[in-house]
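# Understanding the architecture of this molecule
Here are the chains, one letter per residue:
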Amino acid sequence: MTKMVTRKHFSDTHTTNTKNKVKKTMKRQKPFQEPVDNGSVEESESAGSSFPPTFSLSTIKNKQRRHLMFMKLKQEKRKQKLELRKKRKKERDALGDKAPPKDVPKTIENQRVYDETTVDPEDEEVAFDEGTDEFSAYFNKLTNPKVLITTSDRPRGRTVRFCEQLATVIPNAHVYYRRGLALKRIIPQCVSRNFTYLMVINEDRKVPNGMVLCHLPDGPTAHFKVSSVRLRKEMKRRGKDPTEHHPEVILNNFSTRLGHSIGRMFAALFPHDPHFVGRQVATFHNQRDFIFFRFHRYIFKNEKRVGIQELGPRFTLKLRSLQKGTFDSKFGEYEWVHKRHEMDSSRRKFHL
Amino acid sequence: MAVKSQLCSVWVGSETGILKGVSLSKKQAFNFCEMSCLTRDQEVCTMAWGDPHETEVLIGCLNGRVKTFSTEKGIFTESRECGDLSQGRFTGLAVMDSSLITCVESGLLKVWNEGSSNTAEINVGTGVCRMRQNPSQRHHVATGGKENPLKLWDLQRPDKSIFTAKNVANDWLDLRVPVWVRDIAFIQDSNKIVTCTGHHQVRVYDPSSPQRRPVLETQYGEYPLTTLSLPADQASVVVGNTHGQLAILDLRKGLVRGCIKGLAGGVRGLQCHPSLPVLASCGLDRFLRVHSLKDRTLQHKVYMKSRLNCVLLSSRDLELLWLHIPQSWPAKPKLPLITKRGVCAFFGVQGLYISGSNLPVSSQSSVSCKAGTADPGGPEVTVPASAPAWKILPWLLLAVWWN
């Protein structure tokens, strides 16, 4: 052990020496290699794919050396980018008012592949289709929503609390314990008791991970993947608990025909007449096929400024399938099924 | 309207009651409907060709009306009351010697004669899902449904079915296998019948053999098979299921030859072209897709804004042959020029449109062809189909040289 200690001292200096040595050797080697490398690297950078094939980082077998070379390359690139940016800024300042407008940066939403099923607001056929579909009873104000929330069998604490909080957010919602009952048997009973929605939160490993939303008389069934569930006590700077007022509903960015169907499904969960007195709003925001649910309370401080407090649970949904008819996963007909290998091949194509 | 309907080679019926015609060459879809009086109970349940020349489309609606649409005139010419909502949806429409055969879900198969004389009625059992007519023996009709086995009926002897299929033996748990026939097709040049079931089975029956159980049985997938279609080359069948999966199955051994990708929703209508290796499919995802069966790639995809129920492919050659010929050619050819398949070439117009039809051309029949789309209302000349093929070649060669 003492040997080790002394050795340690020695090895300490030794290692530093060796490190320095390594660095020195590397530095020595680098200038040795550099003119060749830099030259060739620059050549390759300038020529693109030059012939005969020049040096490439992947041919260095030593991981440390390769890493160092890569870091150097990145630093070079960053320096060049900064120089370019400074040059452009200088030119822009020099031009002053005559400068051309700034380019819009490319984002995935900008580059989205145009979906031919995007709904045109003046389309008669789509208007007729929507006017006579399964939700027409709600949108013609003939029924009031009544939601039954339940879970998969034997739920754990987190899912139970999630369901309770959902029931406070959605007016006229009732939570029932599942008791191992079959959904196909629950549905006729719900219909006879005038429920309009059946919401089943599926749980896996003590965490909610799926949702089946079934519109009741004979309506479509949507199956979602639930992620990022934050319960009320996990939220920072939240407001007091939501009141019994009917919230307003915001549906963002549901542009395609499928998006319209899902948007209408969410809209039919809430009663028609929002109580503006309550100042509560539920938002379903669709971005890149993920639907983000948020529940806020707003207050107008003056005419231009609004303050919002987030209440209530927050979660994200991703549509897995939309089935025509009430829940029947084996024999039902699917209107849309998410097929990963066919539909997710392009990063710029979205379906909602 | 007439112009648009004459261009269409694919006809699709939707859930909103609109008949849509699609012209694949122009990549356009047209709606043929009376927009003001659209109701959901006019939903198109089945479609069939009204005549062998494919100039009339028969549409069976949910409220029990059968409408006739003329493709040449572009309007609905006739509408008859053939049942009502209480009897269920139409599950099959067919035409036999100017009388109409309809079948509804409650099992009532009726033969409506022209002039509203007595209609023959057969009760085929409840829960019928499909009724199909044998294209070669037009008085034979097959029906099948949920807990309703495949039955083959002869309309000239309507008391009893010629052939009733027997259910397969109990499965490995000794439980009765449930019956749910979803679609039926008659194999050409033989007596055999192919069915696909809601329990993802495909079965081949042979009424001429002594066994009433299926001759061949295969399974595909885990979801109910909704439709099937027989392509031009024998010994294979294309099936579609509720999940949007289309597969080509081999009927000799019962193996999967390949799957067709692209559909996102349940397949409701499927039809193969009689001669070309082309498949048209429509479904709940509101798209009409045309695939090539040889390499299983997508050829055309058209967005129709409503959910689609049935599709009809006309047997006109989908590949159009264009020959540009100047004005100075005589309007009428000196010799009758028709090949075996009924292709006839026309001269004396700016653009030429050669269309073919695979109908058996008898010596008395005539095939009409139209001048090209540059002048859609151009001269329509009918030529008797009696010329041998060798006489056309010099004319065609001349036309190509002129081009």
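Residues numbered from 1 in each chain as written. Chains lettered and ligands numbered in written order. Predicted model: local features only at pLDDT ≥ 70, side-chain atom pairs only at ≥ 80, totals over all residues. Heavy atoms only, no water.

## Quick word on the overall build of chain B
Helix and strand content of chain B: 2 helices and 32 strands. Residues counted as buried form 55% of the 403 residues belonging to chain B. A separation of at least 24 residues holds for 44% of the contacts in chain B among residues at least 6 apart in sequence. (Helix = DSSP H or I, 4+ residues; strand = E, 2+ residues; numbered from the N terminus. Buried < 20%, exposed > 50% of the residue type's maximum accessible area, 1.4 Å probe, protein only. Contact = heavy atoms within 4.5 Å.)

## Re the overall build of chain A
Within chain A, the regular secondary structure consists of 8 helices and 10 strands. Residue pairs at least 24 apart in sequence account for 65% of intrachain contacts in chain A once pairs closer than 6 positions are excluded. Only carbon and sulfur atoms are counted for the fraction: they give 53% of the accessible area of chain A, which is about 23,000 Å². (Areas by Shrake-Rupley, 256 points an atom, 1.4 Å probe, with all protein chains shown as cover.)

## Let's talk about the confidence of the model for chain B
All names here are of chain B. Here chain B averages 80 in pLDDT, while 78% of its residues score no lower than 70. Below pLDDT 50 for its whole length, residues 320-386 participates in 129 contacts with residues either more than four positions away or in separate chains. Two numbers describe this predicted complex: its pTM, 0.77, and its ipTM, 0.75. (pLDDT = per-residue confidence, 0-100.)

## Description of the pattern of salt bridges
By the definition in use, this model includes 35 salt bridges over all chains. As a salt-bridge pair, R286 of chain B and D129 of chain A come within 3.5 Å of each other at their nearest N and O atoms. With one member in each of two chains, R286 of chain B in the loop between β25 (278-283) and β26 (287-292) and D129 of chain A in helix α3 (residues 124-131) form a pair that bridges those chains. Considered together, R286 of chain B and D129 of chain A belong to a single accessibility category, that of buried residues. R264 of chain A is paired through a salt bridge with D133 of chain A; the nearest N and O atoms lie 3.1 Å apart. Linking R264 of chain A in helix α7 (residues 257-267) with D133 of chain A in the loop between α3 and α4 (136-139), this pair joins segments that are 131 residues apart in sequence. Judged by relative accessible area, which is 14%, R264 of chain A ranks as buried. (Salt bridge = Lys/Arg side-chain N within 4 Å of Asp/Glu carboxyl O.)

## Here we look at the nonpolar core
Counting residues in each nonpolar core, the largest one holds 43 residues, and the members touching the most others are M199, F224, I262 and F266 of chain A. When sequence neighbours within four positions are dropped, the list of residues in contact with F266 of chain A reads L213, F224, L251, F254, F284, I291 and L317 of chain A. (Core = buried A, V, L, I, M, F, W, Y, C linked by side-chain atoms within 4.5 Å.)

## Let's talk about the interface of chain B and chain A
With 36 residues of chain B in contact, the opposing surface of chain A contributes 25 residues. Counting the surface lost from both chain B and chain A, the interface buries some 2,600 Å², and carbon and sulfur atoms represent 50% of this. For chain B, the biggest contributors to the area lost against chain A are R40, Y303 and K305 of chain B; these three give 22% of the whole. Here chain B and chain A share 10 salt bridges between them. When the shortest N-O distance is used, the salt bridge between K324 of chain A and E15 of chain B registers 3.3 Å. Our count for the contact surface shared by chain B and chain A stands at 18 residue pairs in polar contact (both at pLDDT 80 or more). For the side of chain B that touches chain A, a count of residues per class yields 11 nonpolar, 14 polar and 11 charged. (Buried area = accessible area lost by both parts, 1.4 Å probe. Polar contact = N/O pair within 3.5 Å; in protein donor to acceptor, adjacent residues only side chain to side chain. Nonpolar A, V, L, I, M, F, W, Y, C, P; charged D, E, K, R; others polar.)

## Concerning a nonpolar patch on the surface
Residue and element names in this part refer to chain A. The grouping of F300, V306 and I308 at the surface amounts to a nonpolar patch, some 330 Å² of accessible area in total. Among the secondary structure elements, F300 is positioned in strand β8 (residues 290-300). We classify F300 as exposed; its relative accessible area is 57%. (Patch = residues over 30% accessible without salt bridge, like charges linked within 9 Å, V, L, I, M, F, W, Y side chains within 5 Å.)

## Concerning α7 of chain A
Among the 11 residues that make up α7 of chain A, 10 are buried, leaving the element largely enclosed by the rest of the structure. What α7 of chain A keeps buried is the set R257, L258, G259, S261, I262, G263, R264, M265, F266 and A267 of chain A.

## Some remarks on the packing of α3 of chain A against α7 of chain A
Residues and elements named next belong to chain A. Between α3 and α7, the shortest axis-to-axis distance is 12 Å and the interhelical angle comes to 30°. Between α3 and α7, the interaxial angle falls into the category roughly parallel. Handedness of the crossing formed by α3 with α7: right-handed. Across the interface between the two elements, V126, D129 and E130 of α3 pack against R257, H260 and R264 of α7. (Axes fitted to C-alpha atoms, helices over the stretch in contact; angles between N-to-C directions. Parallel < 35°, antiparallel > 145°, perpendicular 65-115°, else oblique. Left-handed = near helix turned anticlockwise from the far one by under 90°.)

## Here we look at the sheet that holds strand β21 (residues 236-241) of chain B
Residue and element names in this part refer to chain B. In space, the 4 strands of this open sheet follow the order β20-β21-β22-β23, with antiparallel pairing throughout. Edge positions in the sheet fall to β20 (225-229) and β23 (256-260), since each of these pairs with one other strand and no more. Adjacent strand axes in the sheet meet at a mean angle of 25° when their direction is disregarded. The pairing of strand β22 (residues 246-250) with β23 spans 4 bridges and is antiparallel. Opposite I248, over in β23, you have G258 as the bridge partner. (Pairing = 2+ DSSP bridges.)

## A look at the pairing of strand β13 (residues 140-145) of chain B
Residue and element names in this part refer to chain B. With 6 of its 6 residues buried, β13 lies for the most part within the structure. Where burial is concerned, the two faces of β13 agree: the one with H140, A142 and G144 and the one with V141, T143 and G145 are both buried. Across 5 bridges, the pairing between strand β12 (residues 128-133) and β13 is antiparallel. Counted as the bridge partner of M131 is T143 from β13. Once β12 ends, the chain turns through 6 residues before running back antiparallel as β13. Here β13 runs beside strand β14 (residues 148-154); their pairing, made up of 5 bridges, is antiparallel. Paired with A142 across the two strands is L152, which belongs to β14. Between β13 and β14, which pair antiparallel one after the other, the connecting turn spans 2 residues, and E147 there sits at a positive phi close to 55°.

## Considerations on the packing of aromatic side chains
Taken as a whole and judged by the stated rule, the model has 17 aromatic pairs over all chains. On the basis of an interplanar angle of 85° and a centroid distance of 5.0 Å, the ring pair of Y138 of chain A and F139 of chain A is categorised as edge-to-face. Residue classification places Y138 of chain A among the buried residues on the basis of a relative accessible area of 8%. Between F331 of chain A and W180 of chain B, the ring centres sit 5.7 Å apart and the planes meet at 65°, which makes this aromatic pair edge-to-face. Taken together, the positions of F331 of chain A in the loop between β9 (306-324) and β10 (333-337) and W180 of chain B in the loop between β15 (163-164) and β16 (181-186) put the pair across two chains. Using a relative accessible area of 29% as the deciding quantity, one classes F331 of chain A as partly exposed. A cation sits over an aromatic face here: K67 of chain B above F76 of chain B, 5.1 Å from the ring centre. (Phe/Tyr/Trp six-rings, centres within 6.5 Å; stacked < 30°, edge-to-face > 60°. Lys NZ or Arg CZ within 6 Å of the ring centre and 35° of its normal.)

## What to know about the side chain of T226 of chain B
By the element assignment, T226 of chain B lies in strand β20. A polar contact of 2.6 Å, which involves the side chain of T226 of chain B, links it to the backbone oxygen of V267 of chain B. The residues contacting T226 of chain B, other than those within four sequence positions of it, are E333 of chain A together with R130, R182, D183, C196, G240, N241, T242 and V267 of chain B.

## A few points about the state of the cysteines
Residue and element names in this part refer to chain B. Counted by the stated rule, this structure contains 0 disulfides over all chains. Left unpaired, C61 is separated from the closest cysteine sulfur, that of C45, by 7.1 Å. Overall, C61 belongs to the buried group, its relative accessible area being 1%. C272 takes part in no disulfide bond, and the closest cysteine sulfur, belonging to C196, lies 13 Å away. On the basis of relative accessibility, which here comes to 5%, the residue C272 falls in the buried class. (Disulfide = S-S within 2.5 Å.)

## What about the side chain of S161 of chain B?
Residue and element names in this part refer to chain B. On the secondary structure map, S161 appears in the loop between β14 and β15. You can call S161 buried: its relative accessible area is 14%. Within polar-contact distance, the side chain of S161 engages the side chain of T164 at 2.8 Å. Sequence-distant contacts of S161, that is, excluding residues within four places in its chain, are made with K151, L152 and W153.

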